[in-house]
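Examining the three-dimensional arrangement
What follows is the residue order along each chain.
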Amino acid sequence: MARKLYVIGNWKMYKTSREASAYIEALAPLVEGESACVYLAVPFTSIASASACAKETNIVIGAQNMNDAREGAFTGEIAGLMLKEAGAGFVLLGHSERRHIFGESNELIHKKILRAVRDDIQPVVCIGETALQRKSDQTQKVIEEQLVSALEAVPKEALDSLMIAYEPVWAIGTGKVPTLHQIQEIHHFCRQCIAQILGARKASKIPILYGGSVKPENAADIVALDDVDGLLAGGASLNVEAFSAIIRNASKEKTPKKVRKTTIKRVKK
Ligand code: 13P
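Report follows, based on the coordinates. Being a predicted model, the structure only gives us computed values, none of them experimental.

**Remarks on the overall build of the chain**
In terms of helices and strands, the chain carries eleven helices and eight strands. Its C-alpha radius of gyration of 17 Å places the chain within 12% of the 18 Å reference for a compact globule of 269 residues. Taking the principal axes of the C-alpha coordinates as reference, the chain spans close to 50 × 45 × 35 Å. Taking all 269 residues of the chain together, the buried fraction comes to 54%. In the chain, once contacts between residues fewer than 6 apart in sequence are set aside, the share between residues at least 24 apart is 76%. As displayed, the chain has an accessible area near 12300 Å², and 54% of this comes from carbon and sulfur atoms. Within the chain, the 30 negative side-chain charges are centred at a point lying 6 Å from the centre of the 35 positive side-chain charges.

Printed below as a string of structure tokens:
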């Protein structure tokens, strides 16, 4: 059984709900029939209208964040149940902008994952090292800590839908992309870590996406890597032509890979 291929767009704090509807109407015919699963993480205010627009299409609408509580006196926060009712099928959790601008910890992200699972929303958990961490040879340590904290004690049934997105912080919005060798190496390392936490069988099934300066020009080469199951695009997903080109270029069958028992080499700086 081949792992599916996913292409996710993260709009961040861009596009009103009117702009979102126009975008989805333009995107839908361009990506109809492509083999990749197409996901769009839109702002909260666009979830309801975007899901209505995407209803008869192969586009899944999701959110970019949620609170870890079911409900409560948390002014300005959004609960998973609210997202679900508005039409969100998935939620990005632990994006580096949430971690670094809004101070979200590994512990909070873990709680959000548990909540998303209880509220029946597919969690897409973002991980990645900063430039400083990479420079000081901390990449593997940081990634491992983020994965252990995210995945330990997550109920087994949740793991059928959970996805991981590896996004090196220094590659987000900068135009800098790790080499293909570095991407494969760190994705393989992620899969090894997941295997240690959850076992090799689960690890071979969990999709691991790459994010950070994804463009139509690099999409095909990145998804061709053994341990890459898709892409998470930020800036390029704001433009219908660019995002549909990423989806087209990435859409290809991928065969499942067993978790290899080889020792992982140090990630190059
Ligand atoms: P860019 O594609 O703009 O680098 O953003 C990546 C990202 O943060 C997606 O979540």
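So, next bit.
**A closer look at the environment of His187**
Here His187 lies in helix H8 (residues 180-198). Under the relative-accessibility criterion, His187 is labelled buried at 0%. Through-space distance from the C-alpha of His187 to that of Ala165 is 9.5 Å; in sequence the pair is 22 residues apart.

**Let's talk about the nonpolar core**
In this structure, Leu27, Leu40, Ile59 and Ile164 are the most contacted members of the largest nonpolar core, which totals 70 residues. Among the elements that take part in this core, H8 stands out by supplying seven residues, more than any other. The contacts of Ile59, once residues within four sequence positions are left out, are Ile24, Leu27, Ala28, Val31, Val38, Leu40 and Ala54.

**Section: the environment of Pro43**
Assignment of secondary structure puts Pro43 in the loop between strand E2 (37-41) and helix H2 (47-54). Considering only alpha carbons, one finds Pro43 and Leu147, 104 residues apart in sequence, at a separation of 26 Å. Each residue touching Pro43, except ones within four places of it in the same chain, is listed here: Trp11, Lys12, Tyr14, Lys15 and Gln64.

**Quick word on H2**
Every buried residue of H2 is accounted for by Ile47, Ala50, Ser51 and Ala54. Within H2, the buried residues cover an arc of 100 degrees as seen down the axis, which keeps them to one side. In this structure, the buried side of H2 is in contact with helix H1 (17-31), strand E3 (59-63) and helix H3 (80-86).

**A closer look at the layout of surface pockets**
Where empty space is left can be seen by rolling a probe of water-molecule size over the atoms. If you add up the space inside the second largest pocket, you get close to 390 Å³. For the second largest pocket, the lining is made up of 15 residues, of which Lys12, Met13, Gln64, Arg98 and Phe102 are closest to its centre. Its residues assigned to classes, the lining of the second largest pocket shows seven nonpolar, five polar and three charged.

**Examining the environment of Tyr39**
The residue Tyr39 is located in strand E2 in this model. On the basis of relative accessibility, which here comes to 8%, the residue Tyr39 falls in the buried class. Residues contacting Tyr39, with those up to four places away along its chain left out, are Tyr6, Val7, Ile8, Gly9, Val60, Phe90, Gln122, Met163 and Phe243. Of the polar contacts made by the side chain of Tyr39, one reaches the side chain of Gln122; its length is 2.8 Å.

**What about the site of the ligand?**
Close contacts around the ligand come from 13 residues, with Lys12, His95, Gly173, Ser213 and Gly235 the closest. Between the ligand and Ser213, the relevant distance is 2.8 Å, taken from an oxygen atom to a main-chain nitrogen or oxygen of the residue. In the complex, the protein chains occlude 94% of the 310 Å² of accessible area that the ligand would expose alone. Broken down by class, the residue content of the shell around the ligand amounts to four nonpolar, seven polar and two charged.

**Thoughts on the pairing of strand E4 (residues 90-93)**
Side-chain alternation along E4 places Phe90 and Leu92 on one buried face and Val91 and Leu93 on a second face that is also buried. One ladder, built from two bridges, connects E3 with E4; its direction is parallel. Looking at E4, one finds that Gly62 is bridged to Phe90. With respect to chirality, the unit in which E3 leads through H3 into the neighbouring parallel E4 is right-handed. Note: E4 against strand E5 (residues 122-127), four bridges, orientation parallel. The residue of E5 that forms the bridge with Phe90 is Gln122.

**A few points about the packing of aromatic side chains**
Applying the stated criterion to the full structure yields four aromatic pairs. Judged by centre distance (6.4 Å) and plane angle (55 degrees), the ring pair of Tyr166 and Tyr210 falls under tilted. With Tyr166 in strand E6 (residues 163-166) and Tyr210 in strand E7 (residues 208-211), the pair connects residues that are 44 residues apart, well separated along the chain. Residue Tyr166 shares its accessibility class with Tyr210, and that shared class is buried. Grouping aromatic residues by their ring pairs yields a cluster made of Tyr6, Tyr39 and Phe90.

What counts, and at which threshold
Residues numbered from 1 in each chain as written. Predicted model: local features only at pLDDT ≥ 70, side-chain atom pairs only at ≥ 80, totals over all residues. Heavy atoms only, no water. Helix = DSSP H or I, 4+ residues; strand = E, 2+ residues; numbered from the N terminus. Rg over C-alpha atoms; globule rule 2.2 N^0.38 Å. Buried < 20%, exposed > 50% of the residue type's maximum accessible area, 1.4 Å probe, protein only. Contact = heavy atoms within 4.5 Å. Areas by Shrake-Rupley, 256 points an atom, 1.4 Å probe, with all protein chains shown as cover. Lys, Arg positive; Asp, Glu negative; His and termini not counted. Charge placed at Lys NZ, Arg CZ, Asp CG, Glu CD. Core = buried A, V, L, I, M, F, W, Y, C linked by side-chain atoms within 4.5 Å. Arc of directions from axis to C-beta. 1 Å grid on protein atoms, 1.4 Å probe; cavity = no way out; pocket = protein on both sides within 12 Å on 5 of 7 lines; lining within 4 Å. Points joined across faces, edges and corners; volume = space filled by probe spheres on them. Nonpolar A, V, L, I, M, F, W, Y, C, P; charged D, E, K, R; others polar. Polar contact = N/O pair within 3.5 Å; in protein donor to acceptor, adjacent residues only side chain to side chain. Near = heavy atom within 4 Å. Pairing = 2+ DSSP bridges. Right-handed = clockwise from strand over helix to strand, strands pointing away. Phe/Tyr/Trp six-rings, centres within 6.5 Å; stacked < 30°, edge-to-face > 60°.

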